[in-house]
Amino acid sequence: MYDLRIVVEEVRGFCDMPMRPGDYCELRGSRLSIPEGFCMWALQSVLPLLPAKQRRIAEENDWVPRTFRVACPDPDGMVILRIEQIDPRGESRTGSPPERAAGREPRTGSPLPRLLVDHRACTGCRACELACSYRHEGAFAPSLSRIRVRKDEPAGLDEPVVCRQCGVARCVQVCSCGALSRDGRTGAVVVDAGLCMRCGDCAEACPFGAIRIHPDTALPLICDLCDGDPACVGRCVTGALRYGRAGDAARDVSAPGGRAE
Amino acid sequence: MKTGAERWCGYAGRVLRVDLDTGRSTIEPLDREAARRYLGGRGLNMRVLYDEVPPEVEPLSPENRLMFATGPLVGTAVSGASRVNVSARSPLTGILGDSNAGGFFGPELKYAGFDQVIIRGRASDLTYLLITEEGACLRPAGHLRGLDVWQTQQAIRAELGDEGVQVGVAGPAAENGVLFAGVFFNLARPAARTGMGAVMAAKGLKAVAVRGRGAVRVADRAAFDAAVAEADAAIFAHPEYEPRKRLGTTRLVRALHGLGCLASFHFRTGRFPGVDRVSGEHLAATYRLKGKACFGCNIPCSRFFRVDSGPFAGLASEGPEFEGLAGFSSRVGNDDLALALRAIDMCNRYGMDVISTSEVISFLMELAEAGIVGPGEADGLDLRWGNGRTILALIEKICRREGIGEVLAGGVRRAAQLIGRGSERYAMHIKGMEVFQADPRGIKGYALGLAVASRGGDHLRSEPWFELTGNREEALRRFGVAEAAERLAAAGKGVLVKHYEERCALADCLEVCKNTLVNMEILPYDQAARLLSAATGWEFSEEEVRDACERLVNLERCYNARLGLGRRDDTLPERFTREPLPPDSGPSAGSVVELDRMLDEYYRARGWDESTGLPKKETLSRLGLDRPAP
């Protein structure tokens, strides 16, 4: 039997709860722990699957083992939930549901703008990686970029992996030295290099694999939203990357440097 | 250099030499003088080819050098600066061999800290080369033998546990000794021409894998950013931007059909009746899923497609480009788009050049039609135009060098020699390399460019697109001859081709895409000089950059001259100079190429001797090329 974690992977529409990427609840045995603010509509959409997902299914052609994403039934919200099977050997870092205040995005009236990805428009050019490393490191070095395009070439998949500015940021929660915090204005996770112990726990904890470790300094490379003007978005010509609120109308993409497909 | 420190900007500053005989490799500093005189990429490779591969070195011998080189802007934010040149003496043509590819390999090589890789020798067992910042590592590749291009990439990425590894592969065609096998990157980003894959396979090398975690720095960030912004603004404002983004090169199928010079039925005519079923527009309306781009490029001119029904349902890949699309449609007389896509896909997986492959197949079909090859001589295949089963079967046979495939696998020149019986006059090659998918009779600047190209029958050494504009005033202003703007005129084409040969040289040395640098003329010489200066920290003048390009064209001519080539080799297949395009070729009907007249003008413009076609002494010394005088 697996324990499960149900994570908000992406909000493609407008969720007025609001659910935010990274919000999650956990099922341990038959005990479901629901954190404050977790939406009942989103939750009910995954509930029927959970008992099946807890079990090992050996049949190769069965759909259940290969299905792990479920959408909230609200057509405006388009909240995508991911069911994760927690390693049965025990993954103790995050512990029980996030009740602590640490890592919580500052809650204002509406969610803060964040990086939004339309992977169907991504050409896989990786200009975002160039822009990010040039802005932050002063040189073109995709291996030091805070954004990264994950590819499956034969499948035609190009997917920018971005920091999702989780409502409840697991990276901040697991940081044992208090080096990570949320920027009051942008909500971005910021690293205090003076406090960071270079343990890498944050990178491991990120549910989206969006944190990498700098090969020389061992500091985490975490998207800081370029202080509200993300360089990657400025170099994306197809609008695959946007900076805004989920559900907002796409920005005018007729301007040079921001052309729609 | 801007500072006294040994830190390179723009360039990575290192050259990797690998000796497959001993398994040893060395890292050398990039020769500053060479970098200034040849800029990078193709220029660096050609210099080594001239110095280290004299005429007695046979193309498939261990002494031949296989080289990969990138340019000083590769890996930066310059749009289209993603490319790599793969060079060696060519086994297909016997002369200069060189091919350029986009994708993601070039930048990865820069991030690994190398501008150029020079490989000599022959490995005793099948090997692949892994390049990282630390240098070269030779790894056994016996388990990769026979794997196709995609399988090889996947296997290497899996065994290294790293999806970010970029891999150049010699596919099964190269392993089997097909002479027009290329070095293939990503899904469909080959250095396909002149048989560089065959050279690689002859060295016992299955693949070159590279992974870089370093950085490319620029010397003057403010000046560099300004120059990049200027180039980007020119790209976005260009009238070619939208059509290129929408269709890329595939729009040429319809465009050239309209002009009456689309290679159709093996150049028997310039128009293809089934064009609307195989055009780029049709592909965009049917199987295209999304745009794709090379590294860092802001023109997603390629596409990802999936065929969703019919016998090829499930076929998915990147591309195709015009050359493959027209090659397996109009050239072979096939109007089934999905079949053409499958044929291109096979070439990409087996690692064969689509131009050469489509030429040998269409050549055979025309021979059958002319009665030169009988039904029994092609393994019982039905050689009528457009027979899909035959096309796919021939690709398979060529890759395996089986039956008639063995005859075709050495290129069309060799195939004609083997078949004989007057088939030579149907072999559409120049200097042993197969001609592309446009009929030179309808675009005479291209015809001249093909005839003089240093790697044989190839358009990407000059690409004089300006002759399609009809803009006589601008032609007069830029080239001194109004007719340079008219595709069917012969006048002015010498000057025009010289100009675009140097633009192509610039693109290949900076390793920036020709779509922008040549066809859109982004980065004119003064801007290119500013960008280079800002990136490298060296002061480049406009003249210096222009001279470097002219120097390269002259060096390449010297290389081929040393192999005995001259004016008599600057020819076209006689169909293009003697047989007018037939009446059904619309606006190009009746046209033939007046080659000699254009050659005279070209040699004069170049400062080459009109009788021999070789550079004059004063031309070479003006360019500082006294040393390699033939």
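Residues numbered from 1 in each chain as written. Chains lettered and ligands numbered in written order. Predicted model: local features only at pLDDT ≥ 70, side-chain atom pairs only at ≥ 80, totals over all residues. Heavy atoms only, no water.

## A few points about the environment of A:D16
All names here are of chain A.
Line of reasoning, step 1. Tracing the sequence through the fold places D16 in the loop between β1 (3-11) and β2 (24-28).
Line of reasoning, step 2. We classify D16 as exposed; its relative accessible area is 64%.
Line of reasoning, step 3. Sequence spacing of D16 and G77 is 61 residues, and the spatial spacing of their C-alpha atoms is 7.6 Å. (Helix = DSSP H or I, 4+ residues; strand = E, 2+ residues; numbered from the N terminus. Buried < 20%, exposed > 50% of the residue type's maximum accessible area, 1.4 Å probe, protein only.)

## Notes on the domain arrangement of chain B
Residue and element names in this part refer to chain B.
Line of reasoning, step 1. On domain assignment, one finds that chain B holds domain 1 (242-434) and domain 2 (440-622).
Line of reasoning, step 2. Of the residues lining the interface, 26 residues belong to domain 1; the matching set on domain 2 comes to 36 residues.
Line of reasoning, step 3. Counting each side, the surface lost to burial between domain 1 and domain 2 is near 2200 Å², with a carbon and sulfur contribution of 59%.
Line of reasoning, step 4. Linking domain 1 to domain 2 there are four salt bridges.
Line of reasoning, step 5. Salt-bridge contacts for K431 lead to D570; the nearest nitrogen and oxygen are separated by 2.9 Å. (Domains from an automatic or database assignment. Contact = heavy atoms within 4.5 Å. Buried area = accessible area lost by both parts, 1.4 Å probe. Salt bridge = Lys/Arg side-chain N within 4 Å of Asp/Glu carboxyl O.)

## Notes on the sheet that holds strand β7 (residues 127-132) of chain B
Residues and elements named next belong to chain B.
Line of reasoning, step 1. Strand order in the open sheet formed by six strands is β8-β7-β12-β9-β10-β11, with mixed pairing between adjacent strands. Looking at strand neighbours, the two that pair on one side only are β8 (135-140) and β11 (189-191), the edges of this open sheet. Sheet twist, expressed as the average angle between the axes of neighbouring strands with direction ignored, equals 20°.
Line of reasoning, step 2. In this structure, strand β9 (residues 166-170) lies alongside strand β10 (residues 183-185), joined through three bridges in antiparallel fashion. Within β10, the residue paired with A170 across the bridge is V183. (Pairing = 2+ DSSP bridges. Axes fitted to C-alpha atoms, helices over the stretch in contact; angles between N-to-C directions.)

## Description of the interface of chain A and chain B
Line of reasoning, step 1. The interface of chain A with chain B comprises 30 residues on the first partner and 42 residues on the second.
Line of reasoning, step 2. Summing both sides of the interface, chain A and chain B together bury roughly 2900 Å²; the carbon and sulfur share of this comes to 50%.
Line of reasoning, step 3. Remark: the boundary between chain A and chain B carries four salt bridges.
Line of reasoning, step 4. A salt bridge links B:K292 to A:D158; the nearest nitrogen and oxygen atoms lie 2.8 Å apart.
Line of reasoning, step 5. Put simply, chain A and chain B have 14 residue pairs in polar contact (both at pLDDT 80 or more) between them.
Line of reasoning, step 6. For the side of chain A that touches chain B, the element with the most residues is helix α4 (residues 127-137) of chain A, which contributes three residues.
Line of reasoning, step 7. Of the residues belonging to the side of chain A that touches chain B, the class tally is 14 nonpolar, eight polar and eight charged. (Polar contact = N/O pair within 3.5 Å; in protein donor to acceptor, adjacent residues only side chain to side chain. Nonpolar A, V, L, I, M, F, W, Y, C, P; charged D, E, K, R; others polar.)

## Structural notes on the domain arrangement of chain A
All names here are of chain A.
Line of reasoning, step 1. Domain assignment breaks chain A into domain 1 (3-86) and domain 2 (114-244).
Line of reasoning, step 2. Using only C-alpha atoms to locate each centre, domain 1 and domain 2 end up separated by 24 Å.
Line of reasoning, step 3. Listed by partner, the interface residues are 13 residues for domain 1 and 12 residues for domain 2.
Line of reasoning, step 4. Summed over the shared surface of domain 1 and domain 2, the result is zero salt bridges.
Line of reasoning, step 5. Run the count over domain 1 and domain 2 and you get two residue pairs in polar contact (both at pLDDT 80 or more).
Line of reasoning, step 6. When residues of the side of domain 1 that touches domain 2 are traced back to their parent elements, those giving at least two are β1 and β5 (79-86).
Line of reasoning, step 7. Among the elements that line the side of domain 1 that touches domain 2, the one with the most residues is β1, at five residues.
Line of reasoning, step 8. Here the residues of the side of domain 1 that touches domain 2 are counted per class, giving four nonpolar, one polar and eight charged.

## A look at the packing of aromatic side chains
All names here are of chain B.
Line of reasoning, step 1. Tallied over the entire structure, the rule returns 24 aromatic pairs over all chains.
Line of reasoning, step 2. Relative to Y559, the ring of Y50 lies with its centre 6.5 Å away and its plane at 65°, an arrangement referred to as edge-to-face. Residue Y50 is found in helix α2 (residues 41-52), and its partner Y559 is found in helix α23 (residues 542-562); the two are separated by 509 residues along the sequence.
Line of reasoning, step 3. Accessibility expressed as a relative area gives 8% for Y50, which makes it buried. (Phe/Tyr/Trp six-rings, centres within 6.5 Å; stacked < 30°, edge-to-face > 60°.)

## Observations concerning the confidence of the model for chain A
Residue and element names in this part refer to chain A.
Line of reasoning, step 1. Mean pLDDT over chain A: 84, with 85% of residues reaching 70 or higher.
Line of reasoning, step 2. Under a pLDDT of 50 for its full length, residues 91-100 has, in the predicted model, 22 contacts with residues more than four places off or in other chains.
Line of reasoning, step 3. Across residues 251-261, confidence stays below pLDDT 50; counting only partners more than four residues off in sequence or on other chains, it has 32 contacts. (pLDDT = per-residue confidence, 0-100.)

## Points about the packing of helix α18 (residues 444-452) of chain B against helix α25 (residues 595-606) of chain B
Residue and element names in this part refer to chain B.
Line of reasoning, step 1. Where α18 contacts α25, the axes come no closer than 10 Å and their chain directions differ by 70°. For the element pair α18 / α25, the angle class is roughly perpendicular. Together, K444, L448, A451 and V452 of α18 and L595, M598, L599 and Y602 of α25 make up the contact between the two elements.
Line of reasoning, step 2. Per-class residue counts for the contact of α18 with α25 are seven nonpolar, no polar and one charged. (Parallel < 35°, antiparallel > 145°, perpendicular 65-115°, else oblique.)

## Quick word on the packing of helix α14 (residues 354-369) of chain B against helix α17 (residues 412-419) of chain B
All names here are of chain B.
Line of reasoning, step 1. Two elements in contact, α14 and α17, have axes whose closest approach is 10 Å; the angle formed by their N-to-C orientations is 30°. Between α14 and α17, the angle falls in the class roughly parallel. For the pair α14 and α17, the sense of crossing is right-handed. Two secondary-structure elements touch here, α14 through E359, V360, F363 and L367 and α17 through V412, A415, A416 and I419.
Line of reasoning, step 2. Grouping the constituent residues of the contact of α14 with α17 by class yields seven nonpolar, no polar and one charged. (Left-handed = near helix turned anticlockwise from the far one by under 90°.)

## Topic: the sheet that holds β2(A)
All names here are of chain A.
Line of reasoning, step 1. Ordered by their spatial adjacency, five strands build an open sheet running β3-β2-β1-β5-β4, and the pairing between neighbours is antiparallel. Both outer strands of the open sheet, β3 (31-33) and β4 (69-71), are each paired with one neighbouring strand and no more. Across this sheet, the average inter-strand angle for adjacent strands is 25°, counted without regard to direction.
Line of reasoning, step 2. Alignment of β1 against β2, held across four bridges, turns out to be antiparallel. The residue of β2 that forms the bridge with V7 is Y24.

## Observations regarding the pattern of salt bridges
Line of reasoning, step 1. Within this structure, the stated rule accounts for 80 salt bridges over all chains.
Line of reasoning, step 2. A salt bridge links B:R401 to B:E406; the shortest N-O distance between them is 2.7 Å.
Line of reasoning, step 3. The exposure class assigned to B:R401 is partly exposed, which follows from its relative accessible area of 34%.
Line of reasoning, step 4. The exposure class of B:E406 is partly exposed, given its relative accessible area of 23%.
Line of reasoning, step 5. Here the salt bridges share partners, and the residues they tie into one network are A:D3, A:R5, A:E9, A:E26, A:R28, A:R69, A:R82 and A:E84.

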